[in-house]
Amino acid sequence: MKAKVETLLKDTISQLMKNGDIPEVEINDDLIETPANKSFGDFATNIAMVIASKAKRKPRDVAQIVVNALSHQDMFDKVDIAGPGFINLSIKPISWVNVLKDIHREKEKFGISTYGAGKKVQVEFVSANPTGPLHIGHGRGAAVGDILARILAATGFDVQKEYYINDVGNQMKTLGRSVYLRYMELLGKDIEFPKEGYQGDYIKDLASELKQIHGEKLLALSQDEAIEIAKDFAGNKILDGIKEDLDIFGVRFDNWFSEETLFKQGKVEDTFAKLKEKGLLYEHEGALWFKSTEFGDEKDRVVKKQDGLLTYFASDIAYHRDKIDRGFERVIDIWGADHHGYVPRITAVLEAFGADKDSFHALLIQLVSLVRGGVPVSMSTRSGEFVTLREILDEVGKDVTRYFFLMRRADSQLEFDIDLAKKRSEENPVFYIQYAHARICSILKKAAEAGITPEIKDVDLALLTTGDDLELIKMLAAYPNMLIACAKALEPHRISFYLMELASSFHRFYNKNKVITDNKNLTSARVILIDAARQVIANALSLMGIEAPEVM
RNA sequence: GCGCCCAUAGCCCAGUUGGAUAGAGCGUUGGACUACGAAUCCAAAGGUCGCAGGUUCGAAUCCUGCUGGGCGCACCA
């Protein structure tokens, strides 16, 4: 509906400008807003004030011209000028009910749009090192990334979800050494376990599996060879576990990108050569530097150290160059907020390889703290004392976990209250929403049993324009545009707030109006209405990867 | 010391990218089932949008400076 009004307004304005009725000025895209106060109508525009201030005319005069042009449009009930020059637009109730036909026709596709115009977008998220199981912080990144990607796909982008596997470097070596030492320990050797080694119990489990497979054979090898074997074994095993956890969480990636392949395919060396050609790579004090200051970073960054080893950033450069080479027009990385310092240098990489600065977005996810029984659960990754995503999933389930991670904006810290998450009650918003869905299904079932299964073409939808029913319809009509707003702002949390409002809107309607009554026509109309509400709730939940149960 | 993020009702958070009288939920108080699911609804109370300036027709939103909290500032990954 909003899109319709916006198009109409734009056409009207440009026609008026062509005729010379109002001065020609540049207009930006967002013309229509929803006023905070319902008495101001369904939509409002400040276009007259914008034009007036640019052309030095009186806002209300410009507004009057626009109003005259709009007022004989069929869809409007009322078009008037308010305050300093707002134009308030009230839509005829009968225009609203048409959205029910759209929903009925499009069903699970209702809400899908072509806003993204098929633009190729990559969303990279989680990307945890395969050195240990996913913890709850990774879970938030997984939920946000997955749901954002789904929203982008629903709004017409060509989206790829990717997981970057950091399977090279010191941390992997440390993993190999940790498992190797535990393995030696199992064979009765005296070992000294280093502080920087991985302490968790899962390391001992991996060591014992390693022993089952290889017996004592690794003793015959050199330590380096044995560690290499332990590293590969543990890395693969942990990665399998990560994939399994994500699968349970409902997160499927389109591509798993191994850092190691960058080296094997010579992409890192090739990238260095390209940078050298561009004059963006130089030697200084025996190290090799990337000239990121060229693109606004505060200092240049080392890619090859004095000792000849590459930094982690070196593969990051090659990796992000590869993203551009693969044809992505937008690159979205989802990181923990503690990595915010890396934004300028990665932006620099994208720019160095010819991408537009605005084509790269780093979405920073703030940390998650866990609360149980009202007290914070301490987590220290080092000591191996952390709550894994898997434990949360086993305890509270996929649906609630996914929803809870989307209950806050990504850039605000999140407190995950396990007791609240497990509560099947009013305090838990997930059940509030699912309850609305189940309630509707229950009514529809009862209606069907009574032989009430109306065809939308036979129903008088004009009966639904009185009060709470119209409010509910307006909520349903807002769904497609809400998704576009999520996509525009890269803010997937908005969908969870929308769902709360929609569920609330339905519950209010339900409590005031009986669906199944002796009035046959009204009953039919209301059955159509709540079926549409059911459809939109189901669509939104499905985008969030949450079940929409018919009974609870 | 430099940089980034946050600060909104007793609590936890929204706030449509600068709009009109700042909103939900929880909690508190009072009400609604001999009606399709009360896991619901209705009503009331609750605010110097951290503080102080500035920009303009208009600021929770943008700019500057403070205060308080989180996080970064490696030839670590």
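Note: the structure precedes this text.
Visitor: Any chance you could explain the sheet that holds strand β15 (residues 414-417) here in plain terms?
Guide: Backbone hydrogen bonds are what pair the strands of a sheet, in a parallel or an antiparallel way. Here we have 3 strands laid out as an open sheet, ordered β14-β13-β15, and mixed in their pairing. If you trace the sheet from one side to the other, it starts and ends with β14 (375-376) and β15, each paired once. Here strand β13 (residues 368-372) pairs with β14 via 2 bridges, running antiparallel. In the strand pairing of β14, Arg 372 is matched with Val 375.

Visitor: Would you mind showing me how to read the protein's contact with RNA strand B here?
Guide: For RNA strand B, the set of nearby residues contains 61 residues, the closest of which are Gln 171, Lys 305, Tyr 342, Tyr 432 and Arg 439. Here RNA strand B approaches the protein such that, of its atoms within 4 Å, sugar and phosphate make up 58%. Note that a sugar or linking oxygen of RNA strand B is positioned 2.6 Å from one of the side-chain N or O atoms of Asn 511. Measuring from a base nitrogen of RNA strand B, one finds a backbone N or O atom of Val 515 at 2.8 Å. Only β4 (86-91), α7 (170-186), β9 (287-290), α17 (429-449) and α19 (494-512) provide two or more residues apiece to the surface near RNA strand B. The element that contributes the greatest number of residues to the surface near RNA strand B is α17, accounting for 7 residues. Along the lines of polarity and charge, the residues of the surface near RNA strand B split into 23 nonpolar, 21 polar and 17 charged.

Visitor: I would appreciate a short explanation of the packing of α7 against helix α8 (residues 201-214) in the present structure.
Guide: Angle between the axes and distance between the axes: these two values describe a pair of packed helices. Running from amino to carboxyl end, α7 crosses α8 at an angle of 65 degrees, the nearest separation of the two axes being 8 Å. Note that α7 runs across α8; the crossing there is right-handed. Along its contact with α7, which presents Leu 175, Ser 178, Val 179, Arg 182, Tyr 183 and Leu 186, the element α8 presents Ile 203, Lys 204, Leu 206, Ala 207, Ser 208, Leu 210 and Lys 211. Of the residues belonging to the contact of α7 with α8, the class tally is 8 nonpolar, 2 polar and 3 charged.

Visitor: Is there a simple way to think about the pairing of β15 in this case?
Guide: For a regular strand, the rule is simple: side chains alternate between the two faces of the sheet. Side chains Leu 414 and Phe 416 of β15 all project onto a buried face; the interleaved residues Glu 415 and Asp 417 project onto a face where none is buried. Where β13 lies against β15, 4 bridges are found, and the strand directions are parallel. Across the sheet, the residue bridging to Leu 370 is Phe 416, located in β15.

Visitor: Could you clarify how one ought to interpret the sheet that holds strand β12 (residues 360-365) in this entry?
Guide: With parallel pairing, the 5 strands of this open sheet are ordered in space as β7-β6-β5-β11-β12. The sheet is open, and its two borders are formed by β7 (255-258) and β12, each paired with just one other strand. Neighbour-to-neighbour, the strand axes of the sheet open up by a mean angle of 25 degrees, direction not taken into account. Where strand β5 (residues 120-124) lies against strand β6 (residues 158-165), 5 bridges are found, and the strand directions are parallel. Along β6, the bridge assignment pairs Lys 120 with Asp 158. In this fold helix α13 (residues 343-352) packs onto β11 (330-336) and β12, with an angle of close to 160 degrees to the strand it touches most, β12.

Visitor: What's the story with the side chain of Arg 140 in this structure? I'm lost.
Guide: With respect to the helices and strands, the residue Arg 140 is situated in helix α6 (residues 136-154). Summary of buried charges: Arg 140 has no salt-bridge partner, and the nearest side chain of opposite charge, Asp 411, is 7.0 Å away. At 3.0 Å, the side chain of Arg 140 forms a polar contact with the backbone oxygen of Ser 412. If near-sequence neighbours (up to four positions away) are discounted, Arg 140 is found in contact with Ile 365, Gln 366, Leu 367, Val 368, Phe 405, Arg 408, Arg 409, Ala 410, Ser 412, Gln 413 and Leu 414.

Reading the values: the criteria
- Residues numbered from 1 in each chain as written.
- Chains lettered and ligands numbered in written order.
- Predicted model: local features only at pLDDT ≥ 70, side-chain atom pairs only at ≥ 80, totals over all residues.
- Heavy atoms only, no water.
- Pairing = 2+ DSSP bridges.
- Helix = DSSP H or I, 4+ residues; strand = E, 2+ residues; numbered from the N terminus.
- Near = heavy atom within 4 Å.
- Polar contact = N/O pair within 3.5 Å; in protein donor to acceptor, adjacent residues only side chain to side chain.
- Nonpolar A, V, L, I, M, F, W, Y, C, P; charged D, E, K, R; others polar.
- Axes fitted to C-alpha atoms, helices over the stretch in contact; angles between N-to-C directions.
- Left-handed = near helix turned anticlockwise from the far one by under 90°.
- Contact = heavy atoms within 4.5 Å.
- Buried < 20%, exposed > 50% of the residue type's maximum accessible area, 1.4 Å probe, protein only.
- Lys, Arg positive; Asp, Glu negative; His and termini not counted.
- Salt bridge = Lys/Arg side-chain N within 4 Å of Asp/Glu carboxyl O.

That is the geometry; function is a separate question.
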